[in-house]
Amino acid sequence: MKTIRTTFTALTIGATIALAPALAGAQDMRIGMITPPSHLWTQAAESMGDDLEAATDGRITLQTFPSGQLGNEAQMLQQLQTGGLDMAFLTIAEISNRIPDFGAFYAPFLADDIEHAVRIIRSDVATGLLDRLPEEVGVVGLGFASAGMRQIVSRPDVANAGDLDGLKVRITPFEPIRDFYNALGTAPTPMPLPDVYDALANRQVDAIDMDAELIWAMRYFEQAPTVIESNHMLFPMVGVVSGRVWAQLSEDDRALITEHMQNRLEEVLDKYAERDPEWMALVEDEDEVNYVRIDRDFFAEAVQQWEEIWSERAPILEDLRRVADETR
Ligand code: BEZ
C-alpha cells in the first residue's frame, strides 16, 4: 500500500492547481509495533501522532497499529523497505540479524541495572550505530529507547543454572539471545511477543525470557510462578522511518518527525529507568510468585561462551564495554 498519500495524486491537474495551497504536503502516515495497546511503546507512538498533528494543524496524521497488526517485525521491516509502511518502533532483534554489530547490545550483564542500561543506550557509540541503518537496512533510525531489562519466568522451580537445563525457553527471535540460551543448555524457542501468553498457557514452553513491564501487565506468573530477577540483558528499541518514505519528505517534515519521535523515545527511556524496578516490586508482592534473585555468577559459563562467539561477530562490543565501564 502506498504510504505517502499526498492528496495531489487523487486529483485532476486542474483541481490540483485550485486546491494545492490548502492541501500541499498532507501526509497520512502509519506506524507499527508488536506491543499491545497499553504498552509504553504504543502509548509513545500515539502521543507522537498527537504531537505531529498539533504541530502541523492536522496536515500530518499518524495512525498507530499495535500488537503486530501489520505483521511481525520481519514483515514490518520488509514493508518499511518497500515504503509500504512509514514508521515503526522495533526491537533491534531483526536489525541485529542483519547487522551483527547491533547484537553487541545483548552482551549478558553489559549493564548493571536499568539506569546504567539507559546511559549505555544514550551513548555516542550506541547512537552512532544508527548511521548504518539507511545503507544496510533501508530505514532511517531516529533514535533508541528500550523495553527495560530481561528477566526469566519459569513454570518449574529454578534454584541454579542447572535447573534450566533442557527447558524450552521462549526467546525473542534473534541470534544473540538464542546463543545465550543455547550456552545455558536450554532449548531456546523463538516466538514473537503476541504469541507468548498462549504458548505459556498451552505448555508449549516451560519458561520465557521477558521484561518487567510485560511480566506485570500480562501476569505471565499466573501460568509460570517462578520469576527470576536476573537483569541479564538490556533490550533496546529503535524508532525508524522507511528510507523510501524519508526520501520523499520535505526537509521541514523530516525535521518535525525527527524532533517529535526523539522527544517521545527519550521519554520512554526515562519511564523505563523509573518504572522497571517498580514493576518487579509489584510482581514480587504477588502471593503466587516464587521470586528469585540471581546475578552474573549464576550464568558464569554461559556468559563466557557468549563472549567468545560475539566478540568476533560484533567488533563494536569492545567500544560498548568501554562505554559501560565509563558510565558505571
Ligand atoms: C519481546 O519479544 O519479548 C518484546 C518485544 C517488544 C517489547 C517488549 C518485549
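Residues numbered from 1 in each chain as written. Predicted model: local features only at pLDDT ≥ 70, side-chain atom pairs only at ≥ 80, totals over all residues. Heavy atoms only, no water.

Enquirer: I tried to follow the site of the ligand on my own but got confused; where do I start?
Expert: In the vicinity of the ligand lie 13 residues, with T91, R150, R170, T172 and D211 positioned nearest. Between R150 and the ligand, the recorded distance is 2.9 Å, taken from a side-chain N or O atom to an oxygen atom. Residue R170 places a side-chain N or O atom 2.8 Å away from an oxygen atom belonging to the ligand. Protein burial of the ligand: of its 260 Å² of free accessible surface, 100% is covered by the chains. (Near = heavy atom within 4 Å. Polar contact = N/O pair within 3.5 Å; in protein donor to acceptor, adjacent residues only side chain to side chain. Areas by Shrake-Rupley, 256 points an atom, 1.4 Å probe, with all protein chains shown as cover.)

Enquirer: How should the nonpolar core be read in this particular structure?
Expert: The tendency in soluble globular proteins is for nonpolar side chains to be buried as a group. Ranked by size, the top nonpolar core spans 119 residues in total, and within it F89, L133 and F299 carry the most contacts. Top element by residues in this core is helix α12 (residues 251-285). It accounts for eleven residues. In this structure, F299 is in contact with F109, I152, L164, F180, L184, S230, H232 and I294, ignoring residues within four places of it in sequence. (Core = buried A, V, L, I, M, F, W, Y, C linked by side-chain atoms within 4.5 Å. Buried < 20%, exposed > 50% of the residue type's maximum accessible area, 1.4 Å probe, protein only. Helix = DSSP H or I, 4+ residues; strand = E, 2+ residues; numbered from the N terminus. Contact = heavy atoms within 4.5 Å.)

Enquirer: Quick question: what am I supposed to make of helix α2 (residues 40-55) here?
Expert: What sets the pattern is the α-helix's 3.6 residues per turn: residues three or four places apart point alike. If you check α2, its first and last C-alpha atoms are 22 Å apart, about what 16 residues at 1.5 Å a residue would give, namely 22 Å. Among the residues of α2, L40, W41, T42, A44, A45, M48, G49, D51 and L52 are the ones counted as buried. Within two residues after α2, D57 carries a phi angle of roughly 50°, on the positive side. (Expected span 1.5 Å × (residues − 1).)

Enquirer: What exactly am I supposed to notice about the packing of aromatic side chains here?
Expert: For any pair of aromatic rings, the description rests on two quantities: the centre-to-centre distance and the angle between the ring planes. All told, the structure shown has 14 aromatic pairs when counted by the stated rule. Summarising the aromatic geometry, the rings of F105 and F144 are spaced 5.3 Å apart at their centres and angled 65° between planes, so their arrangement reads as edge-to-face. On the criterion of sequence distance, the pair formed by F105 in the loop between α4 (93-98) and α5 (114-121) and F144 in strand β4 (residues 139-154) is long-range, its members being 39 residues apart. Like F144, F105 is buried. When the centroid spacing of 6.5 Å and the interplanar angle of 25° are considered together, the rings of W216 and F221 count as stacked. Three or more aromatic residues link up through ring pairs in this structure, and these residues are F109, F180, Y181, F298 and F299. It is R30 that lies over the ring of F65; its NZ or CZ is 5.5 Å from the centre. Residue placement shows R150 over the ring face of F235; its charged tip is 4.0 Å from the ring centre. (Phe/Tyr/Trp six-rings, centres within 6.5 Å; stacked < 30°, edge-to-face > 60°. Lys NZ or Arg CZ within 6 Å of the ring centre and 35° of its normal.)

Enquirer: Looking at this structure, how should I read the pattern of salt bridges?
Expert: Close approach of charged atoms lets side chains of opposite charge pair. Taken as a whole, this structure holds 22 salt bridges when the rule is applied. Of the charged contacts in the structure, one is a salt bridge between R293 and E229, with a shortest N-O distance of 3.8 Å. Placement of R293 in strand β10 (residues 290-293) and of E229 in strand β8 (residues 226-229) is noted, with a sequence separation of 64 residues between them. Take R293: its relative accessible area is 53%, and that puts it in the exposed class. Owing to a relative accessible area of 18%, E229 belongs among the buried residues under this scheme. Salt bridges here are not isolated pairs; linked through shared partners, they connect D51, R264 and E267. (Salt bridge = Lys/Arg side-chain N within 4 Å of Asp/Glu carboxyl O.)

Enquirer: For this particular structure, what's the right way to read the pairing of strand β2 (residues 60-65)?
Expert: Relative to β2, strand β1 (residues 27-32) runs parallel, the two sharing six bridges. In the strand pairing of β2, D28 is matched with T61. Between β1 and its parallel partner β2, the chain crosses via α2, and the hand of that crossover is right-handed. (Pairing = 2+ DSSP bridges. Right-handed = clockwise from strand over helix to strand, strands pointing away.)

Enquirer: How should I be thinking about the packing of α2 against α12 in this particular structure?
Expert: Geometrically, a packed helix pair is captured by the angle between its two axes and the distance between the axes. At a minimum axis distance of 9 Å, the contact between α2 and α12 shows a crossing angle of 150°. It follows from the interaxial angle that α2 and α12 lie roughly antiparallel. Between α2 and α12 the crossing geometry is right-handed. On α12, the residues touching L40, W41, A44, S47, M48, D51, L52 and A55 of α2 are L256, I257, H260, M261, R264, V268, K271, Y272, R275 and W279. Among the residues forming the contact of α2 with α12, the class breakdown is twelve nonpolar, two polar and four charged. (Axes fitted to C-alpha atoms, helices over the stretch in contact; angles between N-to-C directions. Parallel < 35°, antiparallel > 145°, perpendicular 65-115°, else oblique. Left-handed = near helix turned anticlockwise from the far one by under 90°. Nonpolar A, V, L, I, M, F, W, Y, C, P; charged D, E, K, R; others polar.)

Enquirer: Looking at this structure, I do not really get the environment of D113. What am I missing?
Expert: Here D113 lies in the loop between α4 and α5. Accessibility expressed as a relative area gives 37% for D113, which makes it partly exposed. Each C-alpha atom of the pair D113 and L234 lies 8.6 Å from the other, and the pair is 121 residues apart in sequence. A distance of 3.2 Å separates the side chain of D113 from the backbone nitrogen of E115, its partner in a polar contact.

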